[in-house]
Amino acid sequence: MDINIINEGNTITAVFDGRLDTVAAQQVADTLDPLMQQADSNIILDCEKMPFISSSGLRIFLKIRKEVAAKGGKMCLKNVCPDVMQVFKMTKLDDIFEIIE
């Protein structure tokens, strides 16, 4: 799993490339930890090249969402592939995340 962090003004985009499975989850959490300090920004999680997300990955996304909500920022998911979208729908997380194409 590779993650590219792009800072553009008040917007931070994390571009995921690879499977966000249980094995990659700790690396992803460590990589995204600095976003917690900038949770008052607009955060976009670009999932176009992420074909899979595990429950560990969902927890990471929920943790970021909670921190962003607490600090008054805004978070959305972008370019979610059909398989990952199905996971969000099955877990009803599509109701709490803003998901854009």
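What counts and how
Residues numbered from 1 in each chain as written. Predicted model: local features only at pLDDT ≥ 70, side-chain atom pairs only at ≥ 80, totals over all residues. Heavy atoms only, no water. Phe/Tyr/Trp six-rings, centres within 6.5 Å; stacked < 30°, edge-to-face > 60°. Helix = DSSP H or I, 4+ residues; strand = E, 2+ residues; numbered from the N terminus. Buried < 20%, exposed > 50% of the residue type's maximum accessible area, 1.4 Å probe, protein only. Salt bridge = Lys/Arg side-chain N within 4 Å of Asp/Glu carboxyl O. Pairing = 2+ DSSP bridges. Axes fitted to C-alpha atoms, helices over the stretch in contact; angles between N-to-C directions. pLDDT = per-residue confidence, 0-100.

Re the packing of aromatic side chains
Step number 1: Scanning the model with the defined rule gives 3 aromatic pairs in all.
Step number 2: Taking 5.5 Å as the distance between ring centres and 45° as the angle between the ring planes, the aromatic pair formed by phenylalanine 16 and phenylalanine 61 counts as tilted. Of this pair, phenylalanine 16 sits in strand 2 (residues 11-17) while phenylalanine 61 sits in helix 2 (residues 55-71), and the two are 45 residues apart along the sequence. Here the two residues phenylalanine 16 and phenylalanine 61 agree in accessibility, since each one is buried.

Observations concerning the pattern of salt bridges
Step number 1: Applying the stated criterion across every chain yields a total of 3 salt bridges.
Step number 2: Lysine 74 is paired through a salt bridge with glutamate 98; the nearest N and O atoms lie 3.9 Å apart. Here glutamate 98 lies in strand 5 (residues 98-100) and lysine 74 lies in strand 4 (residues 74-78), a separation of 24 residues in the sequence.
Step number 3: Relative accessible area serves as the criterion here: at 46%, lysine 74 is assigned to the partly exposed category.
Step number 4: Here glutamate 98 falls in the partly exposed class, since its relative accessible area comes to 36%.

What to know about the sheet that holds strand 1 (residues 2-8)
Step number 1: Strand order in the open sheet formed by 5 strands is 1-2-3-4-5, with mixed pairing between adjacent strands. Since the sheet does not close on itself, it has two edges, and those belong to strand 1 and strand 5, each with one partner. The average undirected angle you get between the axes of adjacent strands in this sheet is 25°.

What about the confidence of the model for the chain?
Step number 1: On average, residues of the chain carry a pLDDT of 94, and 100% of them reach 70 or more.
Step number 2: Per-element mean pLDDT across the chain ranges from 90 in helix 1 (residues 22-37) up to 97 in helix 3 (residues 82-90).

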